[in-house]
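Single-letter residue listing:
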Amino acid sequence: MSRSSLTRRPFLIGAAAGLAGAGAGVFRPGLSRAADRPVLTHGLQSGDVDATSAIVWARADRPCRAMIEWATTERFTEIRGGVFADALPVSDGTVKVALTGLPPGQDVFYRVRLQDLAAPTILGAPQVGRFRTAPSDRRSVSFCWSGDTAGQGWGIDEARGGMTIYAAMLRNRPDFFLHSGDTIYADGPIVPEVRLPDGSLWRNRVTEAVSKPAETLDEFRGRYRYNLTDANVLAMNAEVPVFAQWDDHEVTNNWWPGEPLTRAEHLRKMYRDPNVLALQVRATRAFHEYLPMRFEPSEPGRVYRRISHGPLVDVFLLDMRSYRGPNGENRQAAYGPESHFLGPTQIAWLKHELRASRATWKVIAADMPLGLVVPYDPDRTFGSEAVAQGDGPPLGRELEIADLLRFLRDSRIRNTVWLTADVHYAAAHYYDPNRARFQDFEPFWEFVAGPLHAGTFGPNALDDTFGPQLRFVKAPPPGQANLSPAAGYQFFGHVAVDGRTEQMTVTLKDAADAALWSVILDPARG
């Protein structure tokens, strides 16, 4: 195929331009000397890769044009396609484009080069990323998952190697990485030094944007820029696509839509806005600007979506944050707005997509666990932050999950596996209807892995409503909490689906890439 011309159809990402403003100081629009070329500032990312398309991401240091080409060989001897997009202050210099018409099951290399707007003959140095498209046949698939990056004040300590768990995941050469939420900690300040229990110092790299809880659009953006200065993160992003979802810390701890910012925690953080909505709007924009996600025109801020990764795996990414009711006691006897968690629209979408799926394994990517009790307000030990509200029959948000589990059974939808993070330790739960208060469902597994680079806590109490059985747990010793990454309690999960047997092997690992526990799941037939 001859070299194709660059298409004039950039993949546009949604967010109202009226929110802009912040971030203009990052750019230097007047510079066009050959010795001062436009620069890619934070590496490359790919995401939401399926059999024939992918999203790729880059960020420039000034207004310029980003030219993206792709090929199936690293030398780019034959350019298979290309697109351009303009990096402008309105998006903090970020660009996202869709590469389409890709060959299934193929290594794809993409090259990004910046063109100066004032002097178009001046080009910046190119950077190259790669990913592998989903197969169209039943070849083996593997991926990693975890969540919670740079939380509880544990930032990038260069002397300790930075966020080394990303290097451990990269050594597994996964087809993709599922980031299960808390991609940043917008509400957690990062200070220069923290004294550890052994007397040593944890020395954080710090920037102005991470020095306080994020409130402005540029402060939210600055959190993503911070994480993208870690060498381990950059190396993995260049090689492994990310399937990203969000949880609470992309905005603020344990938030729910419409929440007044009046809890003791909010007062300590000195938020100026009276409720969470303004924070959510700015946080949503930064989240979509900085992560390589597809854009849904019907709902520009939407996070939930289905990504097919060939005949063996479909991934259903949920949003357990944006459509929930208030984080109250969670004990409603009837389903209604106060007990919404995924919400009726997302539940209807999930049921439809699960019924339509022909993949052997249906991976439900949940940003919160189903059977672990997570308090909403730690200062008062009040309310429910997740689904579970304590032992007994389904109440509150559990009504929604009970309905979904009954639907899976009645629709004979087999081989669902739930993956999650959020609670900052590693665990494996087997949900057994024979030991549950609510029994109208088929048995299933839920696996918990995290944090990636944050404080370690747990374990949380299990709620018997859906009969979860604890098969494995790795958490801090009793009485210890917010352990630093140096303590060794950082976790991710690895999933491998064999193309011949279709068996799924789930392994929980630590930051040293040591396997802690593993199970082989046989697919149900028929």
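Data block above holds the structure.
Keep in mind that this is a model prediction, so the values were computed, not measured.

## Focus: the overall build of the protein
Consideration 1: Secondary structure assignment for the protein yields 7 helices and 24 strands.
Consideration 2: Computed over C-alpha atoms, the radius of gyration of the protein comes to 23 Å, within 12% of the 24 Å expected from 2.2 N^0.38 for 526 residues, which places it in the range of a compact globule.
Consideration 3: The principal-axis extent of the C-alpha atoms belonging to the protein is close to 70 × 55 × 45 Å.
Consideration 4: For the protein, buried positions account for 59% of its 526 residues.
Consideration 5: Contacts in the protein between residues far apart in sequence, at least 24 positions, make up 74% of those at least 6 positions apart.
Consideration 6: For the protein, the accessible surface area stands at approximately 19,800 Å², while carbon and sulfur atoms represent 52% of it.
Consideration 7: On the protein, the mean spot of the 58 positive side-chain charges and the mean spot of the 61 negative ones are 5 Å from each other.

## A few points about the sheet that holds strand β20 (residues 444–448)
Consideration 1: Pairing is mixed in the open sheet, where 7 strands are placed in the order β13-β14-β15-β18-β20-β19-β21. The open sheet is flanked by β13 (305–308) and β21 (468–474), the only strands paired with a single partner. Direction aside, the axes of adjacent strands within the sheet are offset by 20° on average.
Consideration 2: Two elements, strand β14 (residues 313–317) and strand β15 (residues 361–365), share 5 bridges in a ladder whose sense is parallel. Following the sheet pairing, V313 is matched in β15 by W361.

## A look at the layout of surface pockets
Consideration 1: The space that makes up the largest pocket amounts to roughly 730 Å³.
Consideration 2: Along the wall of the largest pocket there are 26 residues; nearest its centre are Q152, H249, N253, P378 and F457.
Consideration 3: When residues of the lining of the largest pocket are assigned to their parent elements, the largest contribution, 3 residues, is made by helix α4 (residues 264–269).
Consideration 4: Of the residues belonging to the lining of the largest pocket, the class tally is 9 nonpolar, 8 polar and 9 charged.

Basis of the calculations
- Residues numbered from 1 in each chain as written.
- Predicted model: local features only at pLDDT ≥ 70, side-chain atom pairs only at ≥ 80, totals over all residues.
- Heavy atoms only, no water.
- Helix = DSSP H or I, 4+ residues; strand = E, 2+ residues; numbered from the N terminus.
- Rg over C-alpha atoms; globule rule 2.2 N^0.38 Å.
- Buried < 20%, exposed > 50% of the residue type's maximum accessible area, 1.4 Å probe, protein only.
- Contact = heavy atoms within 4.5 Å.
- Areas by Shrake-Rupley, 256 points an atom, 1.4 Å probe, with all protein chains shown as cover.
- Lys, Arg positive; Asp, Glu negative; His and termini not counted.
- Charge placed at Lys NZ, Arg CZ, Asp CG, Glu CD.
- Pairing = 2+ DSSP bridges.
- Axes fitted to C-alpha atoms, helices over the stretch in contact; angles between N-to-C directions.
- 1 Å grid on protein atoms, 1.4 Å probe; cavity = no way out; pocket = protein on both sides within 12 Å on 5 of 7 lines; lining within 4 Å.
- Points joined across faces, edges and corners; volume = space filled by probe spheres on them.
- Nonpolar A, V, L, I, M, F, W, Y, C, P; charged D, E, K, R; others polar.

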